[in-house]
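# Reading the structure
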Amino acid sequence: MPLDHVSQQRPDVGSILARHQTIDDAGTLASIDRPPSEHPPAKIYHPLSIHVLALLMPASIFGVLARLGLQALATYNGESIFPLAYVQATGCFIMGVGLRMKVPFGNFYGPLYTALTTGFCGSLTTFSGWQVDIFDSWVNSGQFYRPGLRDFMDGLTKTWVTLVLSLASLNFGVYVCGVAQPYFPAPRPPSKTVRYTLTILAILTYAATLPTYFFLPHNFRHQATAALLFSFPGTLTRYLLSINLNPRLKTMPLGTLTANSLGTALLGFFHVLQGFPSAVSPETCSLLQGLGDGYCGCLTTISTFAAEIGTLPGWKAVSYTVTSWITGQLLLLVIMGSSFWGGHVKEQMTCSFQTS
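Below you will find a few notes about this structure. Position labels on residues start from 1 in each chain and follow its written sequence. Given that this is a predicted model, residues contribute local features only at a pLDDT of at least 70 and side-chain atom pairs are listed and counted only at 80 or more, while totals for whole chains, interfaces and linings are drawn from all residues. In computing side-chain values, all of the structure's heavy atoms are included and hydrogens and water are not.

### Regarding helix α13 (residues 303–311)
Using a 1.4 Å probe on the protein chains alone, a residue whose accessible area is under 20% of its type maximum counts as buried, one over 50% counts as exposed, and one in between counts as partly exposed. Each helix is a run of DSSP H or I of at least 4 residues and each strand a run of E of at least 2, with the numbering of both proceeding from the N terminus. With eight of its nine residues buried, α13 lies for the most part within the structure. Ser303, Thr304, Phe305, Ala306, Ala307, Glu308, Ile309 and Thr311 are the residues of α13 that are buried.

This is the structure in structure tokens:
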């Protein structure tokens, strides 16, 4: 059931999902990433307020750490499902909780909403990693014995399972939060001193990624520290694209589409660089891994993508999903496919990481 024109001005996406309604104008979905302003909150924050931007910094860091940790935990011999499935499901579930809590966040401290949804969930989930994972299945980069249409089936499975799991997890998060929320009293808004202290601590947290990268052992760089360094720039790029481009089209969220497409293209390019026959140096290899996990992983998002799909009506949701998926695969076909099949780049990584 579409909302009327008045309700579309400042939609509360969490409530819309909970009521199984839709929004016909995709441009209004830019509110997903913006700080709360749909209902009179305790204080309205500008999307580019220092308090909003600062809290995106630690949220991006924790999102990357959670993604890398879940992937490592879910990667083992004989795994029943591909590791990214856990990542996308967890991020979308938390996203559903965050969307449903937007009004309480606004009454408490609005920047925390953007930190949780855009920062943490957007950095935990990854559209570019999903797209590269699918493309790797098409070309069988793992060199598994899969005759016939098995490569196609593997890529198809990663496509539909991720979509279904993400949408189901998002709606489950909205539902669980709706059930639990009445049992938790609303806390008092933080004082000005607490707000500014949080902002300063958030900035210092991101500043700490620089000495962490240089002073921790080198073998940590490809595992985490390089990714942490590039996490906030990726989130900031996606956030700016969202608030500036999403309101421009009524058919689909242009900002999210641009961020996901750009991040997918960059991740494909970094994979190509890591597969050159004459391998790049270990330092460069670790840096490329950090750019892929950190910048591209945070630049692209499944959680916001799922929220937008779940809120758009019928064919708009389908066309947005298909356009995003086809764009990602075509970009990888041009960047990775042409490099692989031209014989200039190996499908497996040829460079090695720093070990000491």
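Next comes the rest of the write-up.
### A few points about empty space enclosed by the protein
Here a cavity denotes grid points, spaced 1 Å and computed from the protein atoms alone, that fit a 1.4 Å probe unable to get out, and a pocket denotes an open set having protein on both sides within 12 Å along at least 5 of 7 lines; residues with an atom within 4 Å of a point are the lining. Grid points are joined across faces, edges and corners, and a volume is the space filled by probe spheres set on the points. Evaluated as defined, the whole model comprises two cavities of 30 Å³ or more. Size it by volume and the second largest cavity reaches roughly 40 Å³. Looking at the second largest cavity, the residues that line it are Thr162, Leu163, Ser166, Leu167, Ile302, Phe305, Ala306 and Ile309. Within the residue set of the lining of the second largest cavity, elements represented by two or more residues are α7 (150–180) and α13. In terms of residue count, the dominant contributor to the lining of the second largest cavity is α7 (four residues). Residues are grouped as follows: nonpolar covers Ala, Val, Leu, Ile, Met, Phe, Trp, Tyr, Cys and Pro; charged covers Asp, Glu, Lys and Arg; every other residue, Gly included, is treated as polar. The residue makeup of the lining of the second largest cavity, split by class, is six nonpolar, two polar and no charged.

### Structural notes on helix α14 (residues 314–341)
For α14, spanning 28 residues, the distance from its first C-alpha to its last is 38 Å, which sits close to the expected 40 Å at 1.5 Å a residue. For α14, the set of buried residues is Ala317, Tyr320, Thr321, Ser324, Gly328, Gln329, Leu332, Met336, Gly337, Ser339 and Phe340. Of the surrounding elements, those touching the buried residues of α14 are α6 (127–139), α7, α11 (254–273) and α13. Where α14 ends, the next residue or the one after it, Gly343, has phi of about 80°, a positive value. One less than the residue count of a helix, multiplied by 1.5 Å, gives the span that helix is expected to have. Any two residues whose heavy atoms approach within 4.5 Å at even a single point are treated as in contact.

### Some words on the layout of surface pockets
For the largest pocket, the calculated volume is near 1,200 Å³. Lining the largest pocket we find 44 residues, and of these Gln71, Val132, Asp133, Asp136 and His271 sit closest to its centre. When residues of the lining of the largest pocket are traced back to their parent elements, those giving at least two are α2 (50–74), α6, α7, α11, α12 (282–299) and α14. Here the lining of the largest pocket gets six residues from one element, more than from any other, and that element is α6. Looking at the lining of the largest pocket residue by residue, the class counts come to 16 nonpolar, 18 polar and 10 charged. In this structure, the second largest pocket occupies an estimated 280 Å³ of space.

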